[in-house]
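Chain residues, written in single-letter form:
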Amino acid sequence: MLYVLYGRNGEEMAQGALARLDAAGEIAALKKRRPLVAIKPNLVVAQPAEWGATTSPAVVRGVLRYLRENGITNLVIMESSWAGECTKQAFAACGYQELSSEFAVPLLDLKDEPAVPVLIAGMEIRICKAALQADYLINIPVLKVHCQTKLTCALKNLKGCIPDSEKRRFHREGLHRPIAALNQALKSHLVLVDALQGDLCHEEGGTPVRMDRIIAGRDPVLVDAYAAELLGFRTEEIPYISLAAQFGVGNACLAAEAVTELNNSSAAAGFPVDCSTGSMQRWISERQACSPCFGSLLHALQRFKEKGNLTSLPPVSVGQGFRGCRGQIGVGDCTAGFDSHVPGCPPKGREITEALEAWIGLDR
Ligand code: SF4
């Protein structure tokens, strides 16, 4: 089961999503064993979350508050930024030193830690010992696009738990199989996706898009299957998702009943951050759009652009200002009066992509 919470207050949303995911009280029950709980954000580069690449400290603050309120005190925040980047600079630039002081939680730069070989899925992977020693791992990725694997979210976030030399080897080996195998060796007990703002095109940020939601689940494969669809991809386009399912990491079959929305997308109402819309502007007709809807449309148009199909589209309407209006083609339930519209509140990027492809006669 996945839970989705819309809004802008990352701290409150993280606490609310965790409370729902942990309704059975598993975390409070853990404290009797005094486990070491590791929090693994995505701090791939030394850039604040507004850049689109890194986990918002507000989301991690919400997780820390929830853990502390439930009696969990033995905590660590661990990360290794991408090869060549200084993790300590990333901790500083992304606001994690303040978190560390506020909650007295150590920041562990995994680049300084020894790694041990683990034989898994026919591969030998060197994994940082400190990550393997954690009793409970909370994986807090960012929802964003990756140039090589298309998606980076829960499964790929664990690449920050291996040495730089292994990261480079993963790239040489095409990423998909090593990522799936790594997740078999290193279990994410909880996943909380920071989808407040990710990136439209790049792992390292620079084209941020507001999606204004948090996704919570226990199964990183299911989380990534859902994340792929939000960004306009079919799950099959990201081989590491099905490979991870084959390796027994989780379930890649995304049934509609697997996702529960805990509030309404209008909780994120307001005009979206649109610094990435420049080249898309002529394909968007916007009136009072909620950012989750607008973000889904942007991702769908980017998928169109990558396939060279963007020029065949007319402007697509999105927003609450189109309620009761007539028009050619729109996105979201607010455009239900149009000749064609993509239902949903908000629809996923994949639903928009497929509907627009059908509309211009490109459906499979
Ligand atoms: S369909 Fe309308 S109300 Fe729903 S998310 Fe889109 S713009 Fe907002």
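Residues numbered from 1 in each chain as written. Predicted model: local features only at pLDDT ≥ 70, side-chain atom pairs only at ≥ 80, totals over all residues. Heavy atoms only, no water.

Residue position: Arg177 is located in helix α9 (residues 176–185). A C-alpha to C-alpha distance of 8.1 Å links Arg177 and Ala244, two positions 67 residues apart in sequence. Contact partners of Arg177, with chain neighbours within four places excluded, come to Ala121, Met123, Leu243 and Phe247. (Helix = DSSP H or I, 4+ residues; strand = E, 2+ residues; numbered from the N terminus. Contact = heavy atoms within 4.5 Å.)

Under the 1.5 Å per step criterion, the end-to-end length of helix α3 (residues 57–69) is 18 Å for 13 residues, consistent within 8% with the ideal 18 Å. All of the buried residues in α3 are Pro57, Val59, Val60, Arg61, Gly62, Val63, Leu64, Tyr66 and Leu67. By the N-cap criterion, in which a side-chain oxygen at the helix start approaches the backbone nitrogen of a residue two or three places on, α3 is capped by Ser56, the distance to Ala58 being 3.1 Å. Within two residues after α3, Gly71 carries a phi angle of roughly 85°, on the positive side. (Expected span 1.5 Å × (residues − 1). Buried < 20%, exposed > 50% of the residue type's maximum accessible area, 1.4 Å probe, protein only. Polar contact = N/O pair within 3.5 Å; in protein donor to acceptor, adjacent residues only side chain to side chain.)

Cys345 connects to Pro346 through a cis peptide bond whose omega is 0°. Tracing the backbone shows Pro346 in the loop between β16 (340–342) and α13 (349–359). The backbone of Ala121 shows a phi angle near 50°, a positive value even though the residue is not glycine. Tracing the chain through its elements places Ala121 in the loop between β5 (115–120) and β6 (123–128). Even without a glycine there, the phi angle at Gln288 is positive, about 50°. Given a relative accessible area of 58%, Gln288 falls into the exposed group.

Attention shifts here to the pairing of strand β2 (residues 37–41). Across the five residues that make up β2, a large majority, five, are buried. Here β2 shows no split at all, with Val37, Ile39 and Pro41 on one side and Ala38 and Lys40 on the other all buried. Sheet topology places β2 next to strand β3 (residues 75–79); three bridges connect them, and they run parallel. Within β3, the residue paired with Ile39 across the bridge is Ile77. Chirality of the crossover, the property in question, places the unit of β2, α3 and β3 among those that are right-handed. (Pairing = 2+ DSSP bridges. Right-handed = clockwise from strand over helix to strand, strands pointing away.)

The next subject is empty space enclosed by the protein. Applying the stated criterion to the full structure yields two cavities of 30 Å³ or more. Counted as a void, the largest cavity has a volume near 120 Å³. Along the wall of the largest cavity there are 13 residues; nearest its centre are Val44, Ser80, Lys159, Gly160 and Glu203. (1 Å grid on protein atoms, 1.4 Å probe; cavity = no way out; pocket = protein on both sides within 12 Å on 5 of 7 lines; lining within 4 Å. Points joined across faces, edges and corners; volume = space filled by probe spheres on them.)

Bringing the environment of Lys88 into the picture now. Inspection of the secondary structure puts Lys88 in helix α4 (residues 87–93). Along the backbone, Lys88 and Gly122 are 34 residues apart, and their C-alpha atoms lie at a distance of 34 Å. In contact with Lys88, not counting residues within four places along its chain, are Asp109 and Asp112.

Attention now goes to the site of the ligand. Inspection of the region around the ligand gives Ser265, Cys290, Cys293, Gly319, Gln320, Arg323, Gly332, Asp333, Cys334, Gly344 and Cys345 as its neighbouring residues. For the shell around the ligand, the per-class residue count stands at four nonpolar, five polar and two charged. (Near = heavy atom within 4 Å. Nonpolar A, V, L, I, M, F, W, Y, C, P; charged D, E, K, R; others polar.)

The next subject is the side chain of Gln197. With respect to the helices and strands, the residue Gln197 is situated in strand β10 (residues 190–199). You can call Gln197 buried: its relative accessible area is 11%. At 2.7 Å, the side chain of Gln197 and the backbone oxygen of Glu50 are in polar contact.

Turning our attention to the sheet that holds β16. The sheet built from four strands is open, its strands ordered β13-β14-β15-β16 with parallel pairing. Each edge of the open sheet carries a strand with a single partner, namely β13 (284–286) and β16. Averaged over neighbouring strand pairs, the angle between their axes works out to 25° when direction is ignored. With two bridges connecting them, strand β14 (residues 316–318) and strand β15 (residues 329–331) associate as parallel partners. Residue pairing for β15: Val318 is matched across the bridge by Val331. Across the sheet, α13 lies against β14, β15 and β16, angled at about 160° from β16, the strand it touches most. (Axes fitted to C-alpha atoms, helices over the stretch in contact; angles between N-to-C directions.)

Taken in spatial order, the eight strands line up as β4-β3-β2-β7-β10-β11-β1-β12 in an open sheet, and their pairing is mixed. Of all strands in the sheet, those with a lone pairing partner are β4 (107–109) and β12 (259–261), marking the two edges. Taken over all neighbouring pairs, the strand axes of this sheet differ in orientation by 25° on average, direction set aside. By the bridge criterion, three bridges tie β3 to β4 in an arrangement that is parallel.

Time to look at the domain arrangement of the protein. Accessible area lost on assembly of the parts is the figure often given for the size of an interface. When its domains are assigned, the protein resolves into domain 1 (2–263) and domain 2 (268–359). A separation of 29 Å is found between the C-alpha centroids of domain 1 and domain 2. The interface is formed by 22 residues belonging to domain 1 together with 21 residues belonging to domain 2. When residues of domain 1 are sorted by the area they lose upon contact with domain 2, Leu200, Arg210 and Glu229 head the list and together hold 31% of the total. Along the contact surface separating domain 1 from domain 2 lie two salt bridges. Between Glu229 and Lys348 there is a salt bridge, and its shortest N-O distance comes to 3.6 Å. Of all the elements in the fold, those that place two or more residues in the side of domain 1 that touches domain 2 are β10, β11 (208–217) and α10 (220–230). Broken down by element, the residue count for the side of domain 1 that touches domain 2 peaks at six residues, all from β11. Considered class by class, the residues forming the side of domain 1 that touches domain 2 number 11 nonpolar, four polar and seven charged. (Domains from an automatic or database assignment. Buried area = accessible area lost by both parts, 1.4 Å probe. Salt bridge = Lys/Arg side-chain N within 4 Å of Asp/Glu carboxyl O.)

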